[in-house]
Amino acid sequence: KVRYKEVDGRAILIEPENGKVHEFNPVATLLWNHSDGHHPLELLTEKIVHSFEVESMNAAQDLSEFFAKLDQAGLISWINTDS
């Protein structure tokens, strides 16, 4: 189980069982806050593009990398359907 807190627009996740701390930048915090299984990747990409004024292709790549890293860290279970 992960403990979550947001400080100054940045998400901080703590894994109590191993003491690991993960601090997210504002883009990652937006993604974490909408990672509930009810927001399609296309909508999350749009949110990044509009909130941070980045190109859609870059936003999609960042999103994919972020969720892959969370999955590798065991923080979420994510299936990349792009493969």
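What counts as what
Residues numbered from 1 in each chain as written. Predicted model: local features only at pLDDT ≥ 70, side-chain atom pairs only at ≥ 80, totals over all residues. Heavy atoms only, no water. Helix = DSSP H or I, 4+ residues; strand = E, 2+ residues; numbered from the N terminus. Buried < 20%, exposed > 50% of the residue type's maximum accessible area, 1.4 Å probe, protein only. Polar contact = N/O pair within 3.5 Å; in protein donor to acceptor, adjacent residues only side chain to side chain. Contact = heavy atoms within 4.5 Å. Pairing = 2+ DSSP bridges. Phe/Tyr/Trp six-rings, centres within 6.5 Å; stacked < 30°, edge-to-face > 60°. Expected span 1.5 Å × (residues − 1). Arc of directions from axis to C-beta.

Student: Describe the side chain of His-22, and please don't skip the residues or the numbers.
Tutor: By the element assignment, His-22 lies in strand β3 (residues 20-23). In this structure His-22 comes out as buried when scored by relative accessible area, which is 18%. There is a polar contact of 2.6 Å between the side chain of His-22 and the side chain of Glu-15. The residues touching His-22, leaving out its near neighbours within four places in the chain, are Ala-11, Ile-12, Leu-13, Glu-15 and Leu-75.

Student: Any chance you could break down the environment of Ala-68 for me, citing the residues and the numbers?
Tutor: Looking at the element boundaries, Ala-68 is found in helix α3 (residues 56-72). Looking at Ala-68, the relative accessible area reads 26%, which means it is partly exposed.

Student: Kindly report on the pairing of strand β2 (residues 10-15), identifying the contributing residues and their values.
Tutor: In regular strands, side chains alternate between the two faces of the sheet. Side-chain alternation along β2 places Ala-11, Leu-13 and Glu-15 on a buried face and Arg-10, Ile-12 and Ile-14 on a face that remains uncovered. In this structure, strand β1 (residues 3-7) lies alongside β2, joined through five bridges in antiparallel fashion. Its bridge partner lying in β2, Arg-3 is registered against Ile-14. Hairpin connection of β1 to β2: two residues between the antiparallel strands, including Asp-8 at a positive phi of 50 degrees. Both β2 and β3 contribute to a ladder of four bridges, which runs antiparallel. Bridge pairing in β3 links Leu-13 to His-22. Connecting β2 to the next strand, β3, in antiparallel fashion are four residues, including Gly-19 with a positive phi near 80 degrees.

Student: Before we move on, could you go through the packing of aromatic side chains and cite the residues and values that matter?
Tutor: Counted according to the given criterion, the structure contains four aromatic pairs. Each residue in the set Tyr-4, Phe-24, Trp-32, Phe-66 and Phe-67 is aromatic and connected to the rest through ring pairs, giving one cluster.

Student: I'd like to hear about helix α2 (residues 41-52), residue by residue, with values.
Tutor: Along its twelve residues, α2 runs 16 Å from first to last C-alpha, staying within 8% of the 16 Å computed at 1.5 Å per residue. Residues of α2 that are buried include every one of Leu-44, Thr-45 and Ile-48, and no others. One side of α2 carries all its buried residues, which in axial view fall inside an arc of 105 degrees. Counted as exposed and oriented over 90 degrees from the buried face of α2: Glu-42 and His-50. Of the surrounding elements, those touching the buried residues of α2 are α1 (26-33) and α3.

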